[in-house]
Amino acid sequence: RVRWGGAQIVGGLRAALPSAGESSNMEMPLEEGYIYGREPKKPSPVPDIQSMFEAVGVPTCKLGELPHPKDWYAGAKERQRLRDIEMEELFGRKDELRRGWVDLVMDGLGSWGERVDVIRNTGGPTLGLAELLARAAHERPFDEERIDLL
């Protein structure tokens, strides 16, 4: 139920509002906190961020301290170089898989295309009916009853 202009919309239909002297049982509640007669949803609780960090292995440390020892940071460039090499290998493998998949799909589409061409080039069971109708219409053009029957 929604009020709109000088009418009330109930179930998608517009009905005139009762006059000032009449009472209506279709009035919306005027309680504080309700929206269109319904109580709004309660907000979801705040997530526990620290537990989420612990679950995924984010290191914890005091503010201003490094989470790893300094010698770990010294090997960062070498680790990045190795990651780059691994990424290039993975991109190459991904490209090989993609090309193999495309070859399989193209072979499948080619075989189905050949099947469609064979079916399209054959006459089919309705070819004889079409010839019969054409012959009947040509030989007896005024026999409309027979032509309609065929």
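Cut-offs and rules
Residues numbered from 1 in each chain as written. Predicted model: local features only at pLDDT ≥ 70, side-chain atom pairs only at ≥ 80, totals over all residues. Heavy atoms only, no water. Helix = DSSP H or I, 4+ residues; strand = E, 2+ residues; numbered from the N terminus. Contact = heavy atoms within 4.5 Å. Phe/Tyr/Trp six-rings, centres within 6.5 Å; stacked < 30°, edge-to-face > 60°. Buried < 20%, exposed > 50% of the residue type's maximum accessible area, 1.4 Å probe, protein only. Lys NZ or Arg CZ within 6 Å of the ring centre and 35° of its normal. Salt bridge = Lys/Arg side-chain N within 4 Å of Asp/Glu carboxyl O. Patch = residues over 30% accessible without salt bridge, like charges linked within 9 Å, V, L, I, M, F, W, Y side chains within 5 Å. Areas by Shrake-Rupley, 256 points an atom, 1.4 Å probe, with all protein chains shown as cover. pLDDT = per-residue confidence, 0-100.

**Re the overall build of the protein chain**
Part 1: Scanning the protein chain from N- to C-terminus turns up 5 helices and 3 strands.
Part 2: Written out in order from the N terminus, the α and β elements of the protein chain read β-β-β-α-α-α-α-α.
Part 3: For the protein chain, long-range pairs separated by at least 24 residues make up 17% of all intrachain contacts whose partners lie at least 6 apart in sequence.

**Here we look at the packing of aromatic side chains**
Part 1: All told, the structure shown has 1 aromatic pair when counted by the stated rule.
Part 2: When the centroid spacing of 5.0 Å and the interplanar angle of 90° are considered together, the rings of Trp-72 and Tyr-73 count as edge-to-face.
Part 3: Using a relative accessible area of 32% as the deciding quantity, one classes Tyr-73 as partly exposed.
Part 4: Over the ring of Trp-72 we find Arg-79, and its NZ or CZ is 4.1 Å from the ring centre.
Part 5: We note Arg-115 situated over the ring of Trp-112; from NZ or CZ to the ring centre the distance is 4.5 Å.

**Quick look at the pattern of salt bridges**
Part 1: Following the criterion strictly, the structure yields 6 salt bridges and no others.
Part 2: When the shortest N-O distance is used, the salt bridge between Glu-39 and Lys-42 registers 3.4 Å.
Part 3: Taking the shortest distance from any N to any O, the salt bridge between Asp-95 and Arg-99 comes out at 3.0 Å. In this pair, Asp-95 and Arg-99 are both assigned in helix α3 (residues 76-121), 4 residues apart and thus about one turn of the helix distant.
Part 4: Assessed through its relative accessible area of 28%, Asp-95 is described here as partly exposed.

**Details of a nonpolar patch on the surface**
Part 1: On the surface, Ile-49, Met-52, Phe-53, Val-56 and Val-58 cluster together to form a nonpolar patch covering roughly 460 Å² of accessible area.
Part 2: Relative to the helices and strands, Val-56 resides in helix α1 (residues 49-56).
Part 3: Here Val-56 falls in the exposed class, since its relative accessible area comes to 66%.

**With respect to the environment of Pro-67**
Part 1: Looking at the element boundaries, Pro-67 is found in the loop between α1 and α2 (70-74).
Part 2: Looking at Pro-67, the relative accessible area reads 37%, which means it is partly exposed.
Part 3: Contact partners of Pro-67, with chain neighbours within four places excluded, come to Pro-59, Cys-61 and Tyr-73.

**Looking at the confidence of the model for the protein chain**
Part 1: Predicted confidence across the protein chain gives a mean pLDDT of 79, with 75% of residues reaching 70 or more.
Part 2: Per-element confidence in the protein chain ranges from a low mean pLDDT of 48 for strand β3 (residues 13-16) to a high of 94 for α3.

**Details of the environment of Leu-150**
Part 1: When you line up the elements, Leu-150 lands in the segment after α5 (144-149).
Part 2: Along the primary structure Leu-150 and Ala-130 are separated by 20 residues, whereas in three dimensions their C-alpha atoms are 9.1 Å apart.
Part 3: Look past the residues within four positions of Leu-150 in its chain and what remains in contact with it is Leu-132, Leu-133 and Ala-136.

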